[in-house]
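# What the coordinates show
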Amino acid sequence: MKLKWMICILFFSRVMHVWAQEEVLPIHRRGYMQAGIKIQYWQQERVPYTSNQIVMPFSALLLLSENISMSISHNPAYSWKNVDEGFFGFSDTWIQINSILWQERLMLNFGLGLPTGKTRLDSTQFAITKELSQSIYRYHVPLYGQGLTGRLGFAMAFKVAAPLIVGFGGQFLYRAPFHPVQYIYGQSVGLEKIYDKQ
């Protein structure tokens, strides 16, 4: 019995070592480019159809200098609820520049979200994205497009004593208006209302 417990403890200690927490801002000494595919599928009890998603994420990191890096990310995705209800669309493209200054005590961050994502969803697409955006599922692309977005931020850290580091930071976020959904409702004879509002 003791041998089984020892094997379990050794196994879990190796797993915890492999999945150890990464640095908050991992340092990449070289640029890289990554592309892949991610499939997320959920099945709930007593629910016939749930939203599913296939994402083809792309990201790249370019080192502009020793202390300045630029990252680009884009995530085309196909989402569906059942065979008849699905759609393909592009996400917004994010470009982000990070700069580390002042003997690595100050970090400046500038990000720009280009409005390449799909907006003006119809009623079926809007219903699917409502499920995708529920945080419990953690979908890779919960929202396709959010219009032009910009952010500017900073973070500073000071070593007060050997075991004590004090830091603070802030960020400004700008979001331009966009059309999230355009769908037909209240259809009747000779009357068709379209919701299309920023």
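Read on for a plain summary of the structure. (Residues numbered from 1 in each chain as written. Predicted model: local features only at pLDDT ≥ 70, side-chain atom pairs only at ≥ 80, totals over all residues. Heavy atoms only, no water.)

### Here we look at the overall build of the protein
The number of helices and strands found in the protein is 2 helices and 13 strands. Classification of the 198 residues of the protein by burial places 25% in the buried group. Residue pairs in contact within the protein that sit at least 24 positions apart in sequence constitute 51% of those at least 6 positions apart. Taken as a whole, the protein presents about 14,700 Å² of accessible surface, with 62% of it coming from carbon and sulfur. (Helix = DSSP H or I, 4+ residues; strand = E, 2+ residues; numbered from the N terminus. Buried < 20%, exposed > 50% of the residue type's maximum accessible area, 1.4 Å probe, protein only. Contact = heavy atoms within 4.5 Å. Areas by Shrake-Rupley, 256 points an atom, 1.4 Å probe, with all protein chains shown as cover.)

### A short note on the pattern of salt bridges
Scanning the model with the defined rule gives 1 salt bridge in all. A salt bridge links lysine 81 to glutamate 131; the nearest nitrogen and oxygen atoms lie 3.0 Å apart. Linking lysine 81 in strand E6 (residues 77-82) with glutamate 131 in helix H2 (residues 123-132), this pair joins segments that are 50 residues apart in sequence. A relative accessible area of 16% means that glutamate 131 is categorised as buried. (Salt bridge = Lys/Arg side-chain N within 4 Å of Asp/Glu carboxyl O.)

### A few points about the side chain of serine 51
For serine 51, the position within the fold is in the loop between strand E2 (38-40) and strand E3 (52-55). Residue classification places serine 51 among the buried residues on the basis of a relative accessible area of 1%. Looking at serine 51, its side chain comes within polar contact range of the side chain of glutamate 131, at 3.1 Å. In this structure, serine 51 is in contact with Trp42, Trp80, Lys81, Ile128, Glu131, Leu132 and Tyr139, ignoring residues within four places of it in sequence. (Polar contact = N/O pair within 3.5 Å; in protein donor to acceptor, adjacent residues only side chain to side chain.)

### Remarks on the packing of aromatic side chains
Throughout the structure, instances matching the rule amount to 8 aromatic pairs. For the pair phenylalanine 154 and phenylalanine 168, a centre-to-centre distance of 6.1 Å together with 80° between the ring planes defines the contact as edge-to-face. Taken together, the residues span a long stretch of sequence, with phenylalanine 154 in strand E10 (residues 149-161) and phenylalanine 168 in strand E11 (residues 164-175) at a distance of 14 residues. Residue phenylalanine 154 is classed as partly exposed on the basis of its relative accessible area of 34%. Between phenylalanine 158 and phenylalanine 168, the aromatic rings sit 6.5 Å apart at their centres with planes inclined by 25°, giving stacked as the arrangement. Placement of the pair is phenylalanine 158 in strand E10 and phenylalanine 168 in strand E11, with a sequence separation of 10 residues. Taking relative accessible area as the criterion, phenylalanine 158 reaches 29% and is therefore assigned partly exposed. (Phe/Tyr/Trp six-rings, centres within 6.5 Å; stacked < 30°, edge-to-face > 60°.)

### A look at the pairing of E3
Pairing analysis gives 3 bridges linking E2 to E3, with the strands arranged antiparallel. In the strand pairing of E3, glutamine 40 is matched with glutamine 53. (Pairing = 2+ DSSP bridges.)

### Description of H2
Residues of H2 that are buried include every one of Gln125, Ile128, Thr129, Glu131 and Leu132, and no others. Along the axis of H2, the buried positions cluster into a sector of 155°, meaning they face one direction only. Contacts from the buried residues of H2 go to E3, E6 and strand E7 (85-89). Two or three places before threonine 124, at the opening of H2, aspartate 122 has a side-chain oxygen 3.1 Å from that residue's backbone nitrogen. (Arc of directions from axis to C-beta.)

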